[in-house]
Amino acid sequence: MAKSPEEEHPQKAFGWAARDSSGVLSPFHFSRRENGEEDVTIKILYCGVCHSDLHIVKNDWGFTRFPVVPGHEIVGVVTKTGKNVKKFKVGDRVGVGVLVGSCKKCDSCQQDLENYCPQVIFTYNSLYHDGTITYGGYSDAVVVEERYVLRFPDNLPPDAGAPLLCAGITVYSPMKYYGMTEPGKHLGVAGLGGLGHVAVKFGKAFGLRVTVISTSPKKEDEAINRLGADAFLVSSDPAKMKVAMGTMDYIIDTVSAVHALAPLLGLLKLNGKLVTLGLPDKPLELPIFPLVLGRKLVGGSDVGGMKETQEMLDFCAEHGITADIELIRMENVNMAMERLAKSDVRYRFVIDVANSLSQ
Amino acid sequence: MAKTPEEEHPIKAVGWAARDSSGVLSPFKFSRRATGEKDVRFRVLYCGICHSDLHMVKNEWGTSIYPLVPGHEIVGEVTEVGSRVKKVKVGDKVGVGCVVGACHSCENCNNDLEVYCPKMILSYGACYYDGTVTYGGYSDTMVADERYILRFPENMPLDAAAPLLCAGITVYSPLKYYGLAEPGKHIGVVGLGGLGHVGVKFAKAFGAKVTVISTSSSKKDEALEHLGADSFLLSSNQEQLEASLGTFDGILDTVSAMHSILPLIGLLKSHGKLVMLGAPEKPLELPVFPLLMGRKMVAGSATGGMKEIQEMIDFAAKHNITADIEVIPIDYVNKAMERLAKGDVRYRFVIDIGNSLASSN
């Protein structure tokens, strides 16, 4: 007979979970595995609220297993280390992102691309090696294998730095892979939310000229004066879009709703690259002529491997890059989810887990 | 008052042109400009029939200017060179492909990417620097600026080499640009026509393992026995598709009809690349999850710059790569277009201009 979440593992744990596709979260008692030889136990300080958490709690993608404890932008402190653990000691500040396991043998794993391993295990809503479901960071503690734990730089604030563990790497990785880092080139960032605002910061740090592409004219002030973008393009204004055609070397498209790619492809110069990072629930329409006549490409990307995520965190520490956040208490998470659904946040909610999660 | 095609320029020329979007071609008298200082004039011996010629004579892209003399896989022998021409001399075997002009001052032109210049001039149906319409290779003579002339080595059969000028470069360029031209890569070629069959040959020459992906099982023998592909995947067969998921580094998609790219994206390994070479006129559905989960990309490519076309010809000469062709006289051209529309050719028609055009006029 299957064990209940509380009985599954030897260490008691507490968090908030969604029970069904209403997506409403509420207190949830469960358990964590014994700290194994390769494992690190982490007391969670902060956890970012990623838009994927919202998709999952509402079962938008159809593969949620309830009850689900979301959260994959975790920052905390090590409280226990297994005997084979070399990289961390008790008291270290660490992060856990989107993955907590992989096969370690395939080509992707061997190339430090664990995120593309066909047997990748996600931080929540995935089946772990022992057959149990993984529970994420909206909780008091987590046990993770050393390989999937990141050193969190001391000079990065743990609350504003938490979203880097998903939003940060999601944008950093394709910018490097698709070569969107040549100083002086022109980057367009479509959508100004959790991913978008971090993309603007990385773009500026890489020495790019950055234009924010958005349907909301009221985001212009923020984009230019606070985030440091060089220009703002209202995508619903046909005249402005026409003038901007063929002016961008790269576009990072963070929009997760179904949307038109044709206008974005038109903004690209010859050999331009569009990377799409949002996960709409239906296919997008892809016009082929502009790809062929302009030798353009549309690529995807999904977070990053452990090595690159560490590199990204260190890059952020060096350049002073963090997310712009709104810190919330655990009990306000449902309201945060509702506001997130309406994009009413600048630009990531982060749960103050340690100070607000109480049984 | 506008001059007629015959009066426009000083050198008389004959060819076959389409007069309207019925696409039917018939004999046509026109004229070519005098040989300028940097021009090369040659008598046309052969011209390949590209599927784009068919699209253009029927005005399927809405850009055709009639009367239209198609043909951008043009080969022949030099008869005259301008005083400043250095590249070739009278008697040399040369060719002209899809492009005959560009601005020569933009970033693309300076990087040997004339084909992507915003002021690029196509070999036919386009407006030349002097305001006149360009006429293509279904004609007896051709004149082009030296920069747009390709040299053919003596040992290359000119008729079978003509299609390299469009089909050849169209597959060669993306194999190199997208990093697929490396030994050991597994490359898929979708569609076995003019582009596809040459794609197989180039990919094999680069040392790749090549799988032809087709909806017609009748092409299997050809693909394996004749073209040297390593394997054949019948894309309408669900079992074969599933067995091949995640096994391709790159796929060249030469199909211009509407079709689903979802199975093709599934065939790619992680970090794999789907390169579209045919251009369906309506958008296709792009499934986003598989693209992201495997860090895959969908990209396009169109012919190549002059430097790369010459490099491709030299590579083809070295590796004995030419097209598989059916040589036809010019008065068969309308029938050839009908057969081309049905994919009934292995794998390019080439018009024997030298031996059939004069007698047709």
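Cut-offs applied
Residues numbered from 1 in each chain as written. Chains lettered and ligands numbered in written order. Predicted model: local features only at pLDDT ≥ 70, side-chain atom pairs only at ≥ 80, totals over all residues. Heavy atoms only, no water. UniProt positions renumbered as here; feature names shortened; annotations may be inferred. Helix = DSSP H or I, 4+ residues; strand = E, 2+ residues; numbered from the N terminus. Rg over C-alpha atoms; globule rule 2.2 N^0.38 Å. Areas by Shrake-Rupley, 256 points an atom, 1.4 Å probe, with all protein chains shown as cover. Lys, Arg positive; Asp, Glu negative; His and termini not counted. Charge placed at Lys NZ, Arg CZ, Asp CG, Glu CD. Contact = heavy atoms within 4.5 Å. Pairing = 2+ DSSP bridges. Right-handed = clockwise from strand over helix to strand, strands pointing away. Domains from an automatic or database assignment. Buried area = accessible area lost by both parts, 1.4 Å probe. Salt bridge = Lys/Arg side-chain N within 4 Å of Asp/Glu carboxyl O. Polar contact = N/O pair within 3.5 Å; in protein donor to acceptor, adjacent residues only side chain to side chain.

In the nomenclature of an unreviewed UniProt entry, chain B is known as mannitol dehydrogenase of Carya illinoinensis. As recorded by UniProt, the Function (unreviewed entry) comment attached to chain B reads in full: "Oxidizes mannitol to mannose. Provides the initial step by which translocated mannitol is committed to central metabolism and, by regulating mannitol pool size, is important in regulating salt tolerance at the cellular level." The record in UniProt for chain B states the following under Sequence similarities (unreviewed entry): "Belongs to the zinc-containing alcohol dehydrogenase family."

Named according to an unreviewed UniProt entry, chain A is Enoyl reductase (ER) domain-containing protein originating from Carya illinoinensis. Under the UniProt heading Cofactor (unreviewed entry), the entry covering chain A gives this text: "Zn(2+)".

(A) A look at the overall build of chain B. For chain B, the count of helices and strands is twelve helices and 18 strands. Here the C-alpha radius of gyration of chain B, 20 Å, is about what a compact globule of 361 residues would show, namely 21 Å. Each principal axis of the C-alpha atoms in chain B carries an extent, and together these give about 60 × 40 × 40 Å. Accessible surface computed for chain B: about 14100 Å², of which carbon and sulfur atoms make up 51%. Separation between the mean location of the 37 positive side-chain charges and that of the 41 negative ones in chain B comes to 3 Å.

(B) How the structure looks around the overall build of chain A. When helices and strands are tallied, chain A shows twelve helices and 18 strands. For a compact globule of 359 residues, the expected C-alpha radius of gyration is about 21 Å, and chain A comes in at 20 Å, within 12% of that figure. Its C-alpha atoms put chain A at 60 × 40 × 40 Å along the principal axes. A sequence separation of at least 24 residues applies to 66% of the contacts in chain A between residues at least 6 apart. Carbon and sulfur atoms form 51% of the exposed surface of chain A, whose accessible area is close to 14100 Å². If you average the places of the 39 positive and of the 42 negative side-chain charges in chain A, the two averages end up 3 Å apart.

(C) Here's a closer look at the UniProt feature "domain: Enoyl reductase (ER)" (unreviewed entry) in chain B. UniProt's feature table lists "domain: Enoyl reductase (ER)" (unreviewed entry) at residues 23-351 of chain B, given in the numbering used throughout. Between the C-alpha atoms that bound residues 23-351 of chain B the distance is 17 Å, and the span itself is 26% helix and 26% strand.

(D) Structural view of the pairing of strand β12 (residues 231-234) of chain B. Residue and element names in this part refer to chain B. Of the strand pairs in this sheet, strand β11 (residues 209-214) and β12 are connected by four bridges, and their pairing is parallel. Within the sheet, the bridge partner assigned to Val212 lies in β12 and is Phe232. Following the chain from β11 across helix α6 (residues 220-226) to the adjacent parallel β12, one finds a crossover that is right-handed.

(E) View of the domain arrangement of chain B. Residues and elements named next belong to chain B. Looking at chain B, the domain boundaries give domain 1 (11-165 + 323-360) and domain 2 (167-300). Centre-to-centre, using C-alpha coordinates, domain 1 lies 28 Å away from domain 2. Each side of the interface is counted separately: domain 1 has ten residues, and domain 2 has 14 residues. When domain 1 packs against domain 2, close to 1000 Å² is buried across both sides, 47% of that on carbon and sulfur atoms. Three residues, Leu164, Asp324 and Tyr347, lead the burial of domain 1 against domain 2; their summed loss comes to 54% of the area buried on that side.

(F) Seen up close, the side chain of Glu222 of chain A. With respect to the helices and strands, the residue Glu222 of chain A is situated in helix α6 (residues 220-226). When sequence neighbours within four positions are dropped, the list of residues in contact with Glu222 of chain A reads Leu227, Arg346 and Tyr347 of chain A.

(G) Region of the structure containing the interface of chain A and chain B. Each side of the interface is counted separately: chain A has 35 residues, and chain B has 35 residues. In this assembly, chain A packs against chain B so that about 3200 Å² is buried in total across both faces, 68% of it on carbon and sulfur atoms. Our count for the chain A to chain B interface comes out at zero salt bridges. At the boundary of chain A and chain B, one finds six residue pairs in polar contact (both at pLDDT 80 or more).

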